[in-house]
Amino acid sequence: MLMPKLSIEKKREMIHEIQDFFLEERGEEIGELAAEMCFEFIKDRLGPVFYNAAIRDAREIAEQRMQTLEEDLYALEKHL
């Protein structure tokens, strides 16, 4: 599965968020390398779970909208 590319700036921002989380929630200061390793783990192992859930949600919404569109098109038909 192809995950979206992140800009270097966005990746750095997320790595700093991980560092902030560890400091605020666990009282631990972790370095940038440790935070990047955590980021890569989340991206590679957990990211696909959230990505697939989002795709399923999008598919369900699209199917609902297609059903509504189909009903609307039938309603527009001229009866002979």
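Details of the structure are given in the entry above.
Residues numbered from 1 in each chain as written. Predicted model: local features only at pLDDT ≥ 70, side-chain atom pairs only at ≥ 80, totals over all residues. Heavy atoms only, no water.

Undergrad: Would you explain the nonpolar core in this entry?
TA: Within the largest apolar cluster, 6 residues are counted, these being Ile 15, Ile 18, Phe 22, Ile 30, Ala 35 and Phe 39. Tallying contributions element by element places helix α1 (residues 8-26) first for this core, with 3 residues. If we skip the residues at most four places from it in the chain, Ile 15 touches Glu 32, Ala 35, Glu 36 and Phe 39. (Core = buried A, V, L, I, M, F, W, Y, C linked by side-chain atoms within 4.5 Å. Buried < 20%, exposed > 50% of the residue type's maximum accessible area, 1.4 Å probe, protein only. Helix = DSSP H or I, 4+ residues; strand = E, 2+ residues; numbered from the N terminus. Contact = heavy atoms within 4.5 Å.)

Undergrad: Please explain the environment of Glu 25 as it appears in this structure.
TA: In this fold, Glu 25 is placed in helix α1. The sequence separation of Glu 25 and Tyr 51 amounts to 26 residues, and the corresponding C-alpha distance is 26 Å.

Undergrad: Mind showing me how you'd approach the pattern of salt bridges here?
TA: When their charged atoms lie close together, side chains carrying opposite charge are able to pair. By the definition in use, this model includes 6 salt bridges. We note a salt bridge from Glu 28 to Arg 26, for which the minimum N-O separation is 2.9 Å. Judged by relative accessible area, Arg 26 falls into the exposed class, the value being 52%. When the shortest N-O distance is used, the salt bridge between Glu 40 and Lys 43 registers 3.2 Å. Of this pair, Glu 40 and Lys 43 are both found in helix α2 (residues 32-76), 3 residues apart, which corresponds to roughly one turn of the helix. Judged by its relative accessible area of 31%, Lys 43 is partly exposed. (Salt bridge = Lys/Arg side-chain N within 4 Å of Asp/Glu carboxyl O.)

Undergrad: Could you clarify how one ought to interpret the side chain of Gln 19 in this entry?
TA: Tracing the chain through its elements places Gln 19 in helix α1. Only 3.0 Å separates the side chain of Gln 19 from the backbone oxygen of Ile 30, close enough to count as a polar contact. (Polar contact = N/O pair within 3.5 Å; in protein donor to acceptor, adjacent residues only side chain to side chain.)

Undergrad: Would you mind showing me how to read the packing of α1 against α2 here?
TA: Two quantities define a packed helix pair, namely the angle between the helix axes and the distance between the axes. For the pair α1 and α2, the least separation of the axes is 9 Å and the interaxial angle reads 105 degrees. Considering their axes alone, α1 and α2 lie roughly perpendicular with respect to each other. Contact residues: Lys 11, Met 14, Ile 15, His 16, Ile 18, Gln 19 and Phe 22 in α1; Glu 32, Ala 35, Glu 36, Cys 38, Phe 39 and Glu 40 in α2. Of the residues contributing to the contact of α1 with α2, the split by class is 7 nonpolar, 2 polar and 4 charged. (Axes fitted to C-alpha atoms, helices over the stretch in contact; angles between N-to-C directions. Parallel < 35°, antiparallel > 145°, perpendicular 65-115°, else oblique. Nonpolar A, V, L, I, M, F, W, Y, C, P; charged D, E, K, R; others polar.)

Undergrad: Please clarify how a negative patch on the surface should be interpreted in this entry.
TA: Side chains of Glu 17, Asp 20, Glu 24 and Glu 25 sit close together on the surface and give a patch of like negative charge. Under the relative-accessibility criterion, Glu 25 is labelled exposed at 57%. (Patch = residues over 30% accessible without salt bridge, like charges linked within 9 Å, V, L, I, M, F, W, Y side chains within 5 Å. Areas by Shrake-Rupley, 256 points an atom, 1.4 Å probe, with all protein chains shown as cover. Lys, Arg positive; Asp, Glu negative; His and termini not counted. Charge placed at Lys NZ, Arg CZ, Asp CG, Glu CD.)

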